[in-house]
Amino acid sequence: MSQARSFLRAGCLVAVACFSAATAHAQAIGAGNGILPESEQAQAVPEKTQEGEGVDAAPRADWRSGTYGPAPTPSAGPLDPDELPPFGVNLFSGGFRGVMADGLNSDYTIKPGDQVTLRVWGGVEMDKVLPVDAQGNIFLPGIGPLNVQGTSNAGLNVKVRNAIQSVYPENVSVYTNLQGVQPVGVFVTGYVENPGRYAGTPSDSLLYFLDQAGGIDRALGSYRHILIKRNGKVIDSVDLYDFLLEGTIPRPQFRDGDTIVVKERGPAISVVGDVQKNYRYELLGDRLTGGDVIELARLKAGVSHVLLRGSRAVGPISRYLPLNEFRSAEVRRGDEVLFSADQRDESIVVQLEGSYYGASRYALPRNAHLGELLNAVGVPEEMTDTQSVSIRRESVAQRQAESLKESLRRLQTTYLGASSQTTEEAKIRVEEAKLIQNFVAKASQVEPTGRLVVARDDGQIADIRLQDGDVITIPEQSDSLLISGEVVVPQAMVYTGSMSVWDYIDNAGGFTPRADDDQILVVRRNGAVSRAEDVDLRAGDEILVLPAVPTKNLELATSITQILYQIAVATKVAIDL
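Our subject in this report is the structure included herewith.

1. Re the overall build of the protein chain
- The number of helices and strands found in the protein chain is 12 helices and 27 strands.
- Burial analysis of the protein chain (577 residues in total) assigns 44% to the buried set.
- Residue pairs in contact within the protein chain that sit at least 24 positions apart in sequence constitute 66% of those at least 6 positions apart.
- Of the accessible surface of the protein chain, which amounts to about 29,300 Å², a share of 48% is contributed by carbon and sulfur atoms.

2. Quick word on unusual backbone geometry
- Of note, the phi angle at Asn 171 is positive, near 55°, even though the residue is not glycine.
- Among the structural elements, Asn 171 can be located in the loop between α3 (153-165) and β5 (172-180).
- Since its relative accessible area comes to 63%, Asn 171 is described here as exposed.
- Of note in the backbone geometry, Asn 231 takes a positive phi value of approximately 55° without being a glycine.
- Topologically, Asn 231 is positioned in the loop between β8 (221-230) and β9 (233-238).

3. Brief notes about the sheet that holds strand β22 (residues 471-474)
- The five strands lie next to each other as β19-β18-β22-β20-β21, forming an open sheet whose pairing is mixed. For this open sheet the edge positions go to β19 (361-365) and β21 (451-453), each flanked by a neighbour on one side alone. Strand-to-strand twist in this sheet, taken as the mean axis angle between neighbours without regard to direction, amounts to 30°.
- Pairing analysis gives three bridges linking strand β20 (residues 390-392) to β22, with the strands arranged antiparallel. Each bridged residue has a counterpart across the sheet, and for Ser 390 the counterpart in β22 is Thr 473.

4. Quick notes on the pattern of salt bridges
- All told, the structure shown has 16 salt bridges when counted by the stated rule.
- Among the salt bridges present, the one from Arg 409 reaches Glu 406, with a minimum N-O distance of 2.5 Å. Residue Arg 409 and its partner Glu 406 are located together in helix α9 (residues 394-415), separated by three residues, close to a single helical turn.
- Here Arg 409 falls in the partly exposed class, since its relative accessible area comes to 42%.
- With its nearest N and O atoms 2.4 Å apart, the salt bridge here joins Asp 541 to Arg 524. Of the two residues, Asp 541 is situated in the loop between β26 (529-531) and β27 (542-547) and Arg 524 in the loop between β25 (515-523) and β26; the sequence distance between them amounts to 17 residues.
- Of the residues examined, Asp 541 reaches a relative accessible area of 2% and is grouped as buried.
- Through salt bridges with shared partners, a single ionic network connects Arg 287, Glu 330 and Arg 332.

5. With respect to the environment of Leu 564
- Topologically, Leu 564 is positioned in helix α12 (residues 554-571).
- A sequence separation of 160 residues divides Leu 564 from Leu 404, and the C-alpha atoms of the two residues are 9.9 Å apart.

6. Regarding the environment of Asn 231
- The exposed category is assigned to Asn 231, whose relative accessible area is 75%.
- C-alpha of Asn 231 to C-alpha of Gly 257: the two residues are 26 residues apart in sequence and 8.1 Å apart in space.

7. Thoughts on the side chain of Ser 390
- Along the chain, Ser 390 falls in strand β20.
- According to the relative accessible area criterion, Ser 390 is buried, its value standing at 0%.
- In this structure the side chain of Ser 390 is engaged in a polar contact, spanning 2.9 Å, whose partner is the side chain of Arg 451.
- Here Ser 390 is in contact with Arg 451, Leu 452, Val 454, Val 471, Ile 472, Thr 473, Arg 525 and Asn 526, once residues within four sequence places are set aside.

8. Description of helix α10 (residues 423-443)
- The terminal C-alpha atoms of α10 lie 30 Å apart, and with 21 residues this matches the ideal 30 Å at 1.5 Å per residue to within 8%.
- Those residues of α10 that fall on the buried side of the exposure criterion are Glu 432, Ala 433, Leu 435, Ile 436, Phe 439, Val 440 and Ala 443.
- Contacts from the buried residues of α10 go to α9 and α12.

9. Some words on the pairing of β9
- Bridge analysis of β8 against β9 gives five bridges, and the strand direction is antiparallel. Directly across from Lys 229, in β9, lies its bridge partner Val 234.
- Hairpin connection from β8 to β9: two residues lie between these consecutive antiparallel strands, with Asn 231 at a positive phi of about 55°.

10. With respect to the nonpolar core
- Ranked by size, the top nonpolar core spans 45 residues in total, and within it Leu 210, Leu 240, Phe 326 and Phe 339 carry the most contacts.
- Discounting chain neighbours no more than four positions away, the residues touching Leu 240 are Leu 91, Phe 92, Leu 206, Leu 207, Leu 210, Ile 216, Tyr 223, Arg 224, Ile 226 and Ile 249.

11. Examining a negative patch on the surface
- A cluster of acidic side chains, namely Asp 242, Glu 246, Asp 292 and Glu 295, defines a negative patch on the protein surface.
- Every element with two or more residues in the negative patch is listed here: α5 (240-246) and α6 (290-296).
- Summarising the element assignment, Glu 295 is placed in helix α6.
- With relative accessibility at 60%, the residue Glu 295 sits in the exposed group.

12. Concerning the packing of α10 against α12
- The interhelical angle for the contact between α10 and α12, taken along N-to-C directions, is 10°, at an axis separation of 12 Å. Here α10 lies roughly parallel to α12, going by the angle between them. Contacts between α10 and α12 involve Glu 432, Leu 435, Ile 436, Phe 439 and Ala 443 on the former and, on the latter, Leu 556, Ile 560, Ile 563, Leu 564 and Ile 567.
- Residues belonging to the contact of α10 with α12 are distributed by class as follows: nine nonpolar, no polar and one charged.

13. Here we look at the environment of Arg 230
- With respect to the helices, strands and loops of the structure, Arg 230 is situated in strand β8.
- Judged by its relative accessible area of 16%, Arg 230 falls in the buried class.
- Along the backbone, Arg 230 and Arg 255 are 25 residues apart, and their C-alpha atoms lie at a distance of 8.1 Å.

Each value, and the rule that gives it
Residues numbered from 1 in each chain as written. Predicted model: local features only at pLDDT ≥ 70, side-chain atom pairs only at ≥ 80, totals over all residues. Heavy atoms only, no water. Helix = DSSP H or I, 4+ residues; strand = E, 2+ residues; numbered from the N terminus. Buried < 20%, exposed > 50% of the residue type's maximum accessible area, 1.4 Å probe, protein only. Contact = heavy atoms within 4.5 Å. Areas by Shrake-Rupley, 256 points an atom, 1.4 Å probe, with all protein chains shown as cover. Pairing = 2+ DSSP bridges. Axes fitted to C-alpha atoms, helices over the stretch in contact; angles between N-to-C directions. Salt bridge = Lys/Arg side-chain N within 4 Å of Asp/Glu carboxyl O. Polar contact = N/O pair within 3.5 Å; in protein donor to acceptor, adjacent residues only side chain to side chain. Expected span 1.5 Å × (residues − 1). Core = buried A, V, L, I, M, F, W, Y, C linked by side-chain atoms within 4.5 Å. Patch = residues over 30% accessible without salt bridge, like charges linked within 9 Å, V, L, I, M, F, W, Y side chains within 5 Å. Lys, Arg positive; Asp, Glu negative; His and termini not counted. Charge placed at Lys NZ, Arg CZ, Asp CG, Glu CD. Parallel < 35°, antiparallel > 145°, perpendicular 65-115°, else oblique. Nonpolar A, V, L, I, M, F, W, Y, C, P; charged D, E, K, R; others polar.

Note that all results are geometric; they support no functional claim without further evidence.
Dropping the structure here:
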């Protein structure tokens, strides 16, 4: 009953993830028995005194992971805004030029050259297509000219019906439809990629004509100062930032001979760092506030500080401001604004797998050690193999992958470039090259596990400092062994203490013809790998028979065997040659 209460207490401690003085000594397997030996168990965390000595007695494990990352590495000096792409650079990638408007929307205003379909029935009948002449009139048979220039498409039917019914007041129905519009040619000039005259319809947007001209010159063109001129006069001015940020843009109705002028780019600032993309932002004046910059830039989560660099009358400046303080700061032309997530995360997140009670993930202090966690984790005493604890660590997996890649590179460099003195030797080299290439292709596909051995055969567990992303494996007790690699029947067998490695291999059908009976490895559950003759078998072990290298070149065979051993350590796999 006492033991059950201990289990319940340890499980509750895990659930709340509280590393206080009580949990530092939480028992994992009954009273007085932790996963680590007593000499290596983490000491109780002292409570904070009134004088401020000691450390904070608040819970050391809390499932509230931080949102901040490491401090950025600032560039050596202020960036030139000209080196960055302008905000909106992807706007002109061919998406607007592909579809020409038909000009028949309800707001379209009729102009000379358009065509109107007229149908009248009842007391009088008409079925005509009437062009709008140079004076802006259509000619109604039996009635005379009717001026429709400047009339909206929506108001055309009413105007024509009223004119007809003024002559034929009874039993007359009228239907009109704008059949087609006169195309226009618009000049696009200024700082665009391909200035010229481009065809469209009066209802086409400014973006359509700019896209036809290849877009705005990314180095010199302005996205904020675009003029639309008619007969030498400016009829509209467009700021594309309104469209990029809010989706709003003026929709003037173009006429033949109108001109779109993209002015020279105004003063700009560079915005880099923890933003969705580094851009050059154009200013309408010479300065703006930090709050304006924040509205323009797409900040990533966790941004906490801003580095503002530039030049002033007193000389160069460099200020490092909290985000809230930056909102009221003045940003001027040519400044560099570097956003950064620079609030250090003082916690790490680790995960448990295997046999344990309670939660599977923990947010811990950055200086937390393995023993501190294990001594607060409750485990089923009769079911848990506490001597086989191991850690999967991403940084270890990366180093294993880099080491394997380098070994394969050396193998190729050493043997694939060797010269041949005779025809027979050349044939041997060709066969060796095929062997190496096939081996490298297979070996390149393996993914190291990043298993870090922390449990030793003497039962001691290294109390190492944990890292963010660690996965701690606490395996269950096992009653079996796994035999794999170059055996006839790879399989799992019930562990029998009286049987040797070779007995298990015989029970698995013996070696295959490709096996190297001198290269038999035993892989412990904690990730340790040893040669079969150097260890005594335990339940849960894996016997791994490596393949023999099919070559008479002893140096090549030795090199490949070493890499096979390296792969077995990193992945617990014997690849097929």
